Amino acid sequence: MLFKICGLKKINIIDCCERKNVDFFGMIFYDKSPRYITLKQAQELVNYSKNKNIKPVGVFVNENLEIVKSFIKNLDLKIVQLHGKENDEYIKEIKHNADLKVIKSIPIKDKKDFRKINNYQSNDYFLLDYKSETDDLPGGNAKQFDWSLLSDLNINKPWFLSGGINKSNINKIKNYVNPNGIDLSSGVEEVPGIKNVKMINNLFEKYYVK
């Protein structure tokens, strides 16, 4: 199982994630999010993670292509997550002449939303997340969609499950599906945007209890 914790801001959380064998940490470059960080802040996190196993992921929402490319170049990103309405052409463009993997989010509310998966060929991973309502952020809303919708799901690419996952429900995922990865954010926060070491530790202790 791959693990990604999204919305990191602090070096001590990278250390905590590394100890728990978390594979990826997400950096949010969407200025309406409480998890937003600047390029300078991101550079500190990326530099700190260079000799560690955990890998940085740049997260963008409907961002201008040239801005995304500049972040990829400045931070030497190898993985990008697109959490808006970006299409397959957009993905092809940012991957052009770049050694880059792309995670594309697909917002889910009901069965018909899975059809959107067919619109993409150029991404490397999917991320299935709660479908935001009008006043919600694109992600990190501490809300989950109906996981029973996943019971007969067949996707031809590796994918992450996201949306409202915390220590009380993480072990229920296996009742419905076996994703390639789990994406966490609000479920390990004391308040929106502030990750908590104890909450991360407690979640993983809960998850690894058989």
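Since this is a predicted model, take the numbers as computed values, not measurements.

## Some words on the nonpolar core
Here is step 1 of the chain: In this structure, Ile5, Met27, Ile94, Leu128 and Leu150 are the most contacted members of the largest nonpolar core, which totals 54 residues.
Here is step 2 of the chain: Look past the residues within four positions of Leu128 in its chain and what remains in contact with it is Ile106, Ile108, Phe114, Ile117, Phe145, Leu150, Leu153, Ile155, Trp159, Phe160, Leu161 and Ser162.
Here is step 3 of the chain: One finds Tyr30, Val59, Ile103 and Leu127 within the second-largest nonpolar core, a separate group that totals 12 residues.

## A few points about the packing of aromatic side chains
The description of an aromatic ring pair uses the distance of the two centres, along with the angle that the planes make with each other.
Here is step 1 of the chain: In total, this model carries eight aromatic pairs according to the counting rule given.
Here is step 2 of the chain: Ring centres 4.9 Å apart and planes at 70° place the aromatic pair Phe3 and Phe204 in the edge-to-face group. With Phe3 in strand E1 (residues 2-6) and Phe204 in helix H5 (residues 197-208), this pair connects stretches of sequence that are 201 residues apart.
Here is step 3 of the chain: A relative accessible area of 1% places Phe204 in the buried class.
Here is step 4 of the chain: For the ring pair Tyr125 and Phe160, a centre distance of 5.6 Å and an interplane angle of 55° mean the geometry is tilted. Separated by 35 residues along the polypeptide, Tyr125 in strand E6 (residues 125-130) and Phe160 in strand E7 (residues 159-161) bring together distant segments of the chain.
Here is step 5 of the chain: Classification of Phe160 by relative accessible area gives buried; the value is 1%.
Here is step 6 of the chain: Aromatic rings pair up to connect Phe3, Phe204 and Tyr207 into one cluster.

## What to know about the pattern of salt bridges
Here is step 1 of the chain: In the structure shown here, the tally under the stated rule is 14 salt bridges.
Here is step 2 of the chain: A salt bridge links Lys104 to Glu86, with the shortest nitrogen-to-oxygen separation between them at 3.6 Å. Of the two residues, Lys104 sits in strand E5 (residues 101-108) while Glu86 sits in the loop between strand E4 (79-82) and helix H4 (88-95), which places them 18 residues apart along the sequence.
Here is step 3 of the chain: For Lys104, a relative accessible area of 1% translates into the label buried.
Here is step 4 of the chain: With relative accessibility at 3%, the residue Glu86 sits in the buried group.
Here is step 5 of the chain: Residues participating in the shared-partner salt-bridge network are Arg35, Glu189 and Lys195.

Conventions adopted
- Residues numbered from 1 in each chain as written.
- Predicted model: local features only at pLDDT ≥ 70, side-chain atom pairs only at ≥ 80, totals over all residues.
- Heavy atoms only, no water.
- Core = buried A, V, L, I, M, F, W, Y, C linked by side-chain atoms within 4.5 Å.
- Buried < 20%, exposed > 50% of the residue type's maximum accessible area, 1.4 Å probe, protein only.
- Contact = heavy atoms within 4.5 Å.
- Phe/Tyr/Trp six-rings, centres within 6.5 Å; stacked < 30°, edge-to-face > 60°.
- Helix = DSSP H or I, 4+ residues; strand = E, 2+ residues; numbered from the N terminus.
- Salt bridge = Lys/Arg side-chain N within 4 Å of Asp/Glu carboxyl O.

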